[in-house]
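Tertiary structure, described
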Amino acid sequence: AAGAAGGGRCSPSGGGSVPVLFCFSVFARPSSVPHGAGYELLIQKFLSLYGDQIDLHRKFVVQLFADEWGQYIDLPKGFLVSERCKVRLVPLQIQMTTLGNLTPSSTVFFCCDMQERFRPAIKYFGDIISVGQRLLQGARLLGIPVIVTEQYPKGLGSTVQEIDLTGAKLVLPKTKFSMVLPEVEAALAEIPGVRSIVLFGVETHVCIQQTALELIGRGLEVHIVADATSSRSMMDRMFALERLARTGIIVTTSEAILLQLVADKEHPKFKEIQNLIKASAPESGLLSKV
């Protein structure tokens, strides 16, 4: 009970709903919760009241105002609302560590604008085509959905012929730099449990960067494949990858991605993934430009 657990009595309540004052930052909003509500229901209520202001990448602590102490205390273990009380949500200063774990069931691959017209302009384009094709083959082996975009294909051409788009969930034209189109958001919403996006293509500092920032803004974890991502300028590429890494986006390699997805040599597709890696491993010097 509120009083017994935390000394937060104001006035007792019977069954039904209990008035609660929900405080966050400079705001305080009165509402109510069912009698006997616990931590999970309080969190849901905070999200319904302040969801547009809460950064879900942060850790929070819920605190209860305790009369006997004259201040807020951390919500006692097993707390249940039994009487009118005042609670607040406090963001901790440290952000949650992004662990970067990948599983096929919660991962989607994004292939961005690997088009014919970019071939002569993008540095190491032949190499990122080779690595991109390796990633798409791996996605097919592991049953991972693939979303592909093409930037203004009417003027810039279709995806290069070397990249096999067989089985891709979506192949969409776009004029927006970011891949996060309404059709892409709808497709992601249809895939249950999506947590991680593996992103590669061109250009690192434009479409890749803008896509990655939009995705993490939606609470998704983003892995950028450094050996399958390039720009016309290596300086633009380098500074984009540095900036993105500082925002919590994971900059990694195709081999690391594929082996993380199988995770165990006993995985039924391990041998095929291993053969895929052995068969296509360009050493172009691109990674020395990260």
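Source: prediction; values computed, not measured.

1. Side note on unusual backbone geometry
Cis geometry is adopted by the peptide bond preceding E203, which originates at V202 and carries an omega value of -15 degrees. By the secondary structure assignment, E203 is in the loop between β9 (196-202) and α6 (204-217). Although it is not a glycine, D113 adopts a positive phi angle of roughly 55 degrees. Following the sequence through the fold, D113 ends up in the loop between β6 (107-112) and α3 (125-142). Residue class for D113 comes out buried when judged on its relative accessible area of 1%. We note that A263 has phi near 70 degrees; this positive angle belongs to a residue other than glycine. Accessibility expressed as a relative area gives 66% for A263, which makes it exposed.

2. Describing helix α8 (residues 254-262)
Those residues of α8 not exposed but buried are S254, I257, L258, L261 and V262. Down the axis of α8, the sector holding all buried residues measures 125 degrees, keeping them to one side. In the segment just after α8, A263 is the residue with positive phi, at about 70 degrees.

3. Let's talk about the pattern of salt bridges
One pass over the full model with this rule turns up 10 salt bridges. Here E162 ties to R119 by a salt bridge, and the two come within 2.9 Å at their closest N and O atoms. Of this pair, E162 sits in the loop between α4 (153-156) and β8 (170-174) while R119 sits in the loop between β6 and α3, and the two are 43 residues apart along the sequence. E272 serves as the salt-bridge partner of K269, at 3.7 Å between the closest nitrogen and oxygen. Each of K176, E185, E214 and R218 takes part in one network of salt bridges that share partners.

4. Points about the side chain of Q209
With respect to the helices and strands, Q209 occurs in helix α6. Not counting residues up to four positions away in its chain, the partners in contact with Q209 are E203, T204, A240, R243 and L244.

What counts, and at which threshold
- Residues numbered from 1 in each chain as written.
- Predicted model: local features only at pLDDT ≥ 70, side-chain atom pairs only at ≥ 80, totals over all residues.
- Heavy atoms only, no water.
- Helix = DSSP H or I, 4+ residues; strand = E, 2+ residues; numbered from the N terminus.
- Buried < 20%, exposed > 50% of the residue type's maximum accessible area, 1.4 Å probe, protein only.
- Arc of directions from axis to C-beta.
- Salt bridge = Lys/Arg side-chain N within 4 Å of Asp/Glu carboxyl O.
- Contact = heavy atoms within 4.5 Å.

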